[in-house]
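Letter by letter, the chains look like this.
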Amino acid sequence: METKSDLANYLADLKKSESEERKNFLTNFSIDNLQNLDIFKTHRKLYDRLKLVADADNLYEADQLYKTIHFRCLNNNSIDDALTLLFNGIIFFTDKNSIQCANDLAKAFLETLKKCTMNSLNKELRTQIKLIHESLGKCSLTDEERAEFSIAVLKWSTNWFKKTKMEIKNEDSITENYQNVFGHYDIHRDFAINYWKEKNYIQARYHFLHSLDSEAFAYMLIECHLNFGFPSEYDLFLAQALFQFLTLRNLKSAENLFFIYCQNHPMVKKSKINNQFYESATINFLFFLITTLKESNFIEYKEIVKFYKSWLNQDSSYNMYLERIEEYFFNVKSVKKESGGLFCNRKFIFAICFLFWLSNFKFKLI
């Protein structure tokens, strides 16, 4: 099982990198370094008091001081200082397992973000958001506060991107429109990594789908299948994720996901017949699907769909995915089916009315 060791090595390297980044970042933004903020150059006594109560674990007074100093930063229009101060406070309170104080400062952090004038996500702010998200998960009894934080941050990040006419062959157009709706790719990636480390595969999967890190996503899917899936489902774990990438118009990530998953999953490697084909009809279909989409070859696309029709009919969701894919990549509009359920069927309504009339007629005869 060579891949299990590869997976373990990938996870070990990822955790080591994340741990070192967290340690270095928190050192740079420790309470000792807060004294370098502009607000404390003119209000040194405030810093001394904050340092004193924090060192003494006086949580109530620390909470009041963080809020007071934050308010003064806003009055001075020192948004960066305000964010740095709040970040330090959130980490401080989560480390002390003071959930309410941490949540209050996280909400203040979100409100302060809205006052930012930056037009892109810098590394410092990205790391702050990532570590706040991670810390809120460690101290909350439920995930509600963190989910609220995640949604608000992602919604805020959509403001950097403009909605334009979607051009499927223009990668920049797709990226711009996509992030205008779902939020910044990098923030999704960081949230996905946080959830993966916690073994929360459902949330991790959602955020990976909205990121560009198809490599980490592939390894997570492999781990998820090896730990929780049936052996025969190794191709289904890949298929669902790949189809969803394509319905999000993200062909590049879908292609990367396919090759990384196939190259590293032990069961996929074992099922390889030659350099190109596999024992699994699912994986063979996905390979041809990606090829035809890359080449924009609708005729070949229809041929492979026809060839694999019996396999596609085994799961109704596959045909629904393909309808969306045809529309997005080949501009083929799907035929809209009559909606509204049973009572939208005219023949059914006519039959009901006829039976009602007939029962009335028989009743009168009696």
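Preceding block: the structure.
S.K.: Help me get a handle on the overall build of the chain, residues and values and all.
M.R.: Across its full length, the chain carries 20 helices and zero strands. Taken across its 366 residues, the chain has 46% of its residues classed as buried. Sequence separation of 24 or more characterises 62% of the internal contacts of the chain that already satisfy a separation of 6 or more. Counting every atom, the chain has about 20,500 Å² of accessible surface; 53% of that belongs to carbon and sulfur.

S.K.: Account for the pattern of salt bridges, with residues named and values stated.
M.R.: Going through the model one piece at a time under the given rule, you end up with 25 salt bridges. Between Glu61 and Arg49 there is a salt bridge, with its nearest N and O atoms 2.8 Å apart. Remark: Arg49 occurs in helix H3 (residues 44-55) and Glu61 occurs in helix H4 (residues 59-75); sequence separation between them is twelve residues. Judged by relative accessible area, which is 36%, Arg49 ranks as partly exposed. When salt bridges that share partners are traced, they join Glu18, Glu21, Arg22, Arg126, Lys130, Glu134, Asp186, Arg189, Asp190, Lys197 and Asp213 into one network.

S.K.: Let's hear about the packing of helix H7 (residues 123-139) against helix H8 (residues 144-157): which residues, and what values?
M.R.: At their nearest, the axes of H7 and H8 sit 9 Å apart, and the two run at 160 degrees to each other. Taken together, H7 and H8 sit at an angle that is classed as roughly antiparallel. Considering the relative orientation of H7 and H8, their crossing is left-handed. Contacts between H7 and H8 involve Leu125, Ile129, Ile132, His133, Glu134, Leu136 and Gly137 from the former and Arg146, Phe149, Ser150, Val153 and Trp156 from the latter. Taken together, the residues of the contact of H7 with H8 sort by class into seven nonpolar, three polar and two charged.

S.K.: Explain the packing of aromatic side chains to me, and be specific about the residues and the numbers.
M.R.: Throughout the structure, instances matching the rule amount to 30 aromatic pairs. With centroids separated by 4.8 Å and ring planes inclined at 25 degrees, the aromatic side chains of Trp311 and Tyr318 adopt a geometry described as stacked. The buried category is assigned to Trp311, whose relative accessible area is 9%. Taking NZ or CZ as reference, Arg249 lies 3.7 Å from the ring centre of Tyr328, over its face.

S.K.: Describe the side chain of Thr158, listing the residues and the values that go with them.
M.R.: Relative to the elements of secondary structure, Thr158 occurs in the loop between H8 and helix H9 (171-182). If near-sequence neighbours (up to four positions away) are discounted, Thr158 is found in contact with Gln179, Asn180, Val181, Phe182 and Gly183.

S.K.: Which residues make up the nonpolar core, and what are the values?
M.R.: Trp196, Phe243, Phe285 and Leu289 are the most contacted members of the largest nonpolar core, which totals 57 residues. Residues contacting Trp196, with those up to four places away along its chain left out, are Tyr10, Leu11, Leu14, Tyr201, Ala204, Phe208, Ala216, Tyr219, Met220 and Glu223. Membership of the second largest hydrophobic core comes to 50 residues, among which are Leu85, Leu110, Ile132 and Trp156.

S.K.: Residue-level account of the environment of Leu83, with values.
M.R.: Within the secondary structure layout, Leu83 lies in helix H5 (residues 79-95). You can call Leu83 buried: its relative accessible area is 3%.

S.K.: Give me the lowdown on unusual backbone geometry, citing residues and values where you can.
M.R.: At Arg249, a position not held by glycine, the phi torsion is positive, near 65 degrees. Take Arg249: it is sitting in the loop between helix H13 (234-247) and helix H14 (251-264). The partly exposed category is assigned to Arg249, whose relative accessible area is 24%. Despite not being glycine, Ser296 shows a phi value in the positive range, around 55 degrees. Judged by relative accessible area, Ser296 falls into the partly exposed class, the value being 36%.

Reading guide: rules and limits
- Residues numbered from 1 in each chain as written.
- Predicted model: local features only at pLDDT ≥ 70, side-chain atom pairs only at ≥ 80, totals over all residues.
- Heavy atoms only, no water.
- Helix = DSSP H or I, 4+ residues; strand = E, 2+ residues; numbered from the N terminus.
- Buried < 20%, exposed > 50% of the residue type's maximum accessible area, 1.4 Å probe, protein only.
- Contact = heavy atoms within 4.5 Å.
- Areas by Shrake-Rupley, 256 points an atom, 1.4 Å probe, with all protein chains shown as cover.
- Salt bridge = Lys/Arg side-chain N within 4 Å of Asp/Glu carboxyl O.
- Axes fitted to C-alpha atoms, helices over the stretch in contact; angles between N-to-C directions.
- Parallel < 35°, antiparallel > 145°, perpendicular 65-115°, else oblique.
- Left-handed = near helix turned anticlockwise from the far one by under 90°.
- Nonpolar A, V, L, I, M, F, W, Y, C, P; charged D, E, K, R; others polar.
- Phe/Tyr/Trp six-rings, centres within 6.5 Å; stacked < 30°, edge-to-face > 60°.
- Lys NZ or Arg CZ within 6 Å of the ring centre and 35° of its normal.
- Core = buried A, V, L, I, M, F, W, Y, C linked by side-chain atoms within 4.5 Å.

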